[in-house]
Amino acid sequence: MVTIDNGSVADAWYELVTDRGEFKLYLAERVIPYVRMTQASKWHDSRAQDYLARQDAIRGMVREIMRTHDIDPFPPEAKLALGCTFFGKYRGDLSNMEKAVEDALQGVLYENDRQIRRRLAGGFFVDNGLEAAESKAPVVGFEVEAVLL
């Protein structure tokens, strides 16, 4: 059974496609690239604090979307393929952007990002007509696809 739906959560628009063993979500929400931090710096470094706050916001939105559509997380023993596409004007380090989404989805869509065993094609899609938010992270949306292997 395929579920296709859209809506908004915390003022962010989303589109969701689910099927047995597949989860695909487009979320119009900004992403801050992964920030390397120590236990101490996460309390004192403003970049680390911004990153962690953004992770919590995305995690909360995805949790609410999954709850609304009665979607269970992938089981802990599941092996996944994950791909991310980013929309906006950012042209930075793709792996840091992917890591940010992986971190945000951990504990919500899957238990641990160690379950990700393969990458799906992804990247940056810049010329989509979306206006980048005035922020340090001008990525205004992302699409994530998780598939059972």
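Located above this text is the structure these notes cover.
Below is a summary of the structure that appears in this document. If you're wondering where the values come from, they're calculated on a predicted model, not measured in any experiment.

The rules behind each value
- Residues numbered from 1 in each chain as written.
- Predicted model: local features only at pLDDT ≥ 70, side-chain atom pairs only at ≥ 80, totals over all residues.
- Heavy atoms only, no water.
- Axes fitted to C-alpha atoms, helices over the stretch in contact; angles between N-to-C directions.
- Helix = DSSP H or I, 4+ residues; strand = E, 2+ residues; numbered from the N terminus.
- Parallel < 35°, antiparallel > 145°, perpendicular 65-115°, else oblique.
- Left-handed = near helix turned anticlockwise from the far one by under 90°.
- Contact = heavy atoms within 4.5 Å.
- Nonpolar A, V, L, I, M, F, W, Y, C, P; charged D, E, K, R; others polar.
- Pairing = 2+ DSSP bridges.
- Phe/Tyr/Trp six-rings, centres within 6.5 Å; stacked < 30°, edge-to-face > 60°.
- Buried < 20%, exposed > 50% of the residue type's maximum accessible area, 1.4 Å probe, protein only.
- Salt bridge = Lys/Arg side-chain N within 4 Å of Asp/Glu carboxyl O.

**Points about the packing of helix α2 (residues 46-68) against helix α3 (residues 94-105)**
Viewed as axis vectors pointing N to C, α2 and α3 meet at an angle of 55°, and their least axial separation amounts to 8 Å. Classified by the interaxial angle, the pair formed by α2 and α3 is oblique. The two elements α2 and α3 cross, and the hand of that crossing is right-handed. Residue-level inspection shows Y51, Q55, I58, R59 and V62 of α2 in contact with α3, the latter providing K99, A100, D103, A104 and L105. Within the contact of α2 with α3, the residues separate by chemical class into six nonpolar, one polar and three charged.

**Concerning the pairing of strand β3 (residues 22-27)**
Note: strand β2 (residues 12-19) against β3, six bridges, orientation antiparallel. Residue pairing in the sheet places E15 in a bridge with Y26 of β3. The hairpin turn running from β2 into β3, its antiparallel successor, is two residues long, and G21 in that turn takes a positive phi close to 80°.

**What about the packing of aromatic side chains?**
Centre-to-centre distance and the angle between the planes together describe a pair of aromatic rings. Across all of its chains, the model carries three aromatic pairs by this definition. An angle of 55° between the planes, with centres 5.7 Å apart, marks the rings of W13 and Y26 as tilted. Here Y26 lies in strand β3 and W13 lies in strand β2, a separation of 13 residues in the sequence. A relative accessible area of 14% places Y26 in the buried class. Centre to centre, the rings of Y34 and Y51 are 5.8 Å apart; their planes meet at 90°, and the pair counts as edge-to-face. With a gap of 17 residues between them, Y34 in the loop between β3 and α1 (41-44) and Y51 in helix α2 connect regions that are remote in the sequence. Accessibility expressed as a relative area gives 2% for Y51, which makes it buried. Site record: aromatic cluster; members linked through ring pairs are W13, Y26 and F87.

**Notes on the pattern of salt bridges**
Opposite charge on two side chains makes pairing possible when the charged atoms of those side chains draw close. Going through the model one piece at a time under the given rule, you end up with seven salt bridges. With a shortest N-O distance of 2.5 Å, R67 and E64 are connected by a salt bridge. Here R67 and its partner E64 are both found in helix α2, three residues apart, which amounts to about one turn of the helix. Overall, E64 belongs to the partly exposed group, its relative accessible area being 29%. Shared partners join several salt bridges into a network, and the residues in it are E98, E102 and R119.

**A short note on the environment of E15**
Tracing the chain through its elements places E15 in strand β2. According to the relative accessible area criterion, E15 is partly exposed, its value standing at 36%. Sequence separation between E15 and I65 is 50 residues, and the spatial gap between their C-alpha atoms is 9.7 Å. Not counting residues up to four positions away in its chain, the partners in contact with E15 are D5, N6, K24, L25 and Y26.

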